[in-house]
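Tertiary structure, described
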Amino acid sequence: MALSDLEWDRLRTCAPFIEALSPTDADTLRARIGQFLARKTFKGIGLELQPGQCHLIAAYACLPVLHLGMNTYRDWRTVLVYPDSFAPEQEWVDDAGVHHRAIIPQAGEAWERGPVILSWNDIAADGAVIVHEMVHTLDAGNGEVNGFPPLPDHMSAQRWSAAFTDAYASLCDAIDHEQEPALDPYAATDPAEFLAVACEYFFFSPAHLRNEMPEIYRQLCDYFGQKPHLRAAEILTGVPLITAHGCDHD
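These notes cover the structure that comes with them. None of the values given here were measured: they were computed from a predicted structure.

Overall, the coordinates contain 17 aromatic pairs when judged by the stated rule. Members of the aromatic cluster, each reached through a chain of ring pairs, are Phe17, Tyr60, Trp160, Phe164, Tyr168, Phe194, Phe202, Phe203, Phe204, Tyr217, Tyr223 and Phe224.

Structure (structure tokens):
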């Protein structure tokens, strides 16, 4: 399902990060988007999805696998899109052993074998939420969503584990001592969320991550085969209104 020239031109105006890519990477992304659209099924829940919305979701979804390849998304097939935050019931046990159950609004959710669930209003506010959820699907490749995805052969599992363990502990310590955290505090939820949030910074605030957590930045450069700091220090992720004719920036 390759994008036509018109569809590609419209998409480039909707996703600012595309303009920061090299011509070669932009061509690769365009091919990946076509593969994603051919392999995945989009379903709107209380929302009639426009083709441009599907294209934009695919663009952000394909950024992490630009060089990893589409097969790293394995066999999950469905992307569900709600108009706004959805609220599944969740259960957990706290550190004191107390069992909790609550309905918690979510901007996105991902499972090892799908579906990936997204909220369009949250995407419109920050397209990085798509990358966040897609990283969870990559993370699940070892059977658990735990911040330790399957690594390319050239990478050291020991170095990855040491880097992320130390950085996660430092973030939690900073928050516990009411210091300014290097990442959004949500990254301290657990190692899986730390990885997903770190990847948001990696792709869209690379200068900040490279400065605050240089070893995490190096590990992610090796993992994704990308060096986003060479594209821009910061890339906007707000999404303009998408109509049947493309993006409305007014």
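Turning next to the side chain of His132. Along the chain, the position of His132 falls in helix α6 (residues 128-139). A relative accessible area of 5% places His132 in the buried class. A polar atom in the side chain of His132 sits 3.3 Å from the side chain of His136. Once residues lying within four places of it in the same chain are set aside, the contact partners of His132 are Tyr186, Glu193, Ala196, Val197 and Glu200.

Taken N-terminus to C-terminus, the directions of α6 and helix α8 (residues 191-204) make an angle of 130°; their axes are 9 Å apart at the nearest point. The angle between α6 and α8 falls in the class oblique. The two elements α6 and α8 cross, and the hand of that crossing is right-handed. Along the contact surface, α6 presents Ala128, Val131, His132, Val135, His136 and Asp139, while α8 presents Ala192, Glu193, Leu195, Ala196, Val197, Cys199, Glu200, Phe203 and Phe204.

So, on to the pattern of salt bridges. Using the criterion set out here, one finds four salt bridges in the structure. Linking Arg30 and Asp5 is a salt bridge whose minimum nitrogen-to-oxygen distance equals 2.8 Å. Pair noted here: Arg30 is in helix α3 (residues 23-39) and Asp5 is in helix α1 (residues 5-14), with a separation of 25 residues, a long-range link. Arg30 gets classed as partly exposed once you look at its relative accessible area, which sits at 23%. In this structure, Asp25 engages Arg231 in a salt bridge whose closest nitrogen and oxygen atoms are separated by 3.8 Å. Separated by 206 residues along the polypeptide, Asp25 in helix α3 and Arg231 in the loop between α10 (214-224) and β7 (241-243) bring together distant segments of the chain.

All right, on to α10 then. Restricting attention to buried positions, one finds in α10 the residues Ile216, Tyr217, Gln219, Leu220, Cys221, Tyr223 and Phe224. Buried positions along α10 lie against α6, α7 (157-176), α8 and α9 (206-212). Where α10 ends, the next residue or the one after it, Gly225, has phi of about 65°, a positive value.

Another aspect to go through is the nonpolar core. Core analysis: the largest hydrophobic core is formed by 75 residues, its most contacted members being Phe17, Phe36 and Leu220. In contact with Phe36, other than residues within four places in its own chain, are Phe42, Ala58, Ala61, Cys62, Met70, Tyr73, Trp76, Val79 and Met134.

Viewed as axis vectors pointing N to C, α7 and α10 meet at an angle of 140°, and their least axial separation amounts to 9 Å. Considered as vectors, α7 and α10 are oriented oblique to each other. Between α7 and α10 lies a crossing whose hand is left-handed. For the pair formed by α7 and α10, the contact residues are Arg159, Trp160, Ala163, Phe164 and Ala167 on the first element and Glu215, Ile216, Gln219, Leu220 and Tyr223 on the second. Within the contact of α7 with α10, the residues separate by chemical class into seven nonpolar, one polar and two charged.

Quick notes on the rules
- Residues numbered from 1 in each chain as written.
- Predicted model: local features only at pLDDT ≥ 70, side-chain atom pairs only at ≥ 80, totals over all residues.
- Heavy atoms only, no water.
- Phe/Tyr/Trp six-rings, centres within 6.5 Å; stacked < 30°, edge-to-face > 60°.
- Helix = DSSP H or I, 4+ residues; strand = E, 2+ residues; numbered from the N terminus.
- Buried < 20%, exposed > 50% of the residue type's maximum accessible area, 1.4 Å probe, protein only.
- Polar contact = N/O pair within 3.5 Å; in protein donor to acceptor, adjacent residues only side chain to side chain.
- Contact = heavy atoms within 4.5 Å.
- Axes fitted to C-alpha atoms, helices over the stretch in contact; angles between N-to-C directions.
- Parallel < 35°, antiparallel > 145°, perpendicular 65-115°, else oblique.
- Left-handed = near helix turned anticlockwise from the far one by under 90°.
- Salt bridge = Lys/Arg side-chain N within 4 Å of Asp/Glu carboxyl O.
- Core = buried A, V, L, I, M, F, W, Y, C linked by side-chain atoms within 4.5 Å.
- Nonpolar A, V, L, I, M, F, W, Y, C, P; charged D, E, K, R; others polar.

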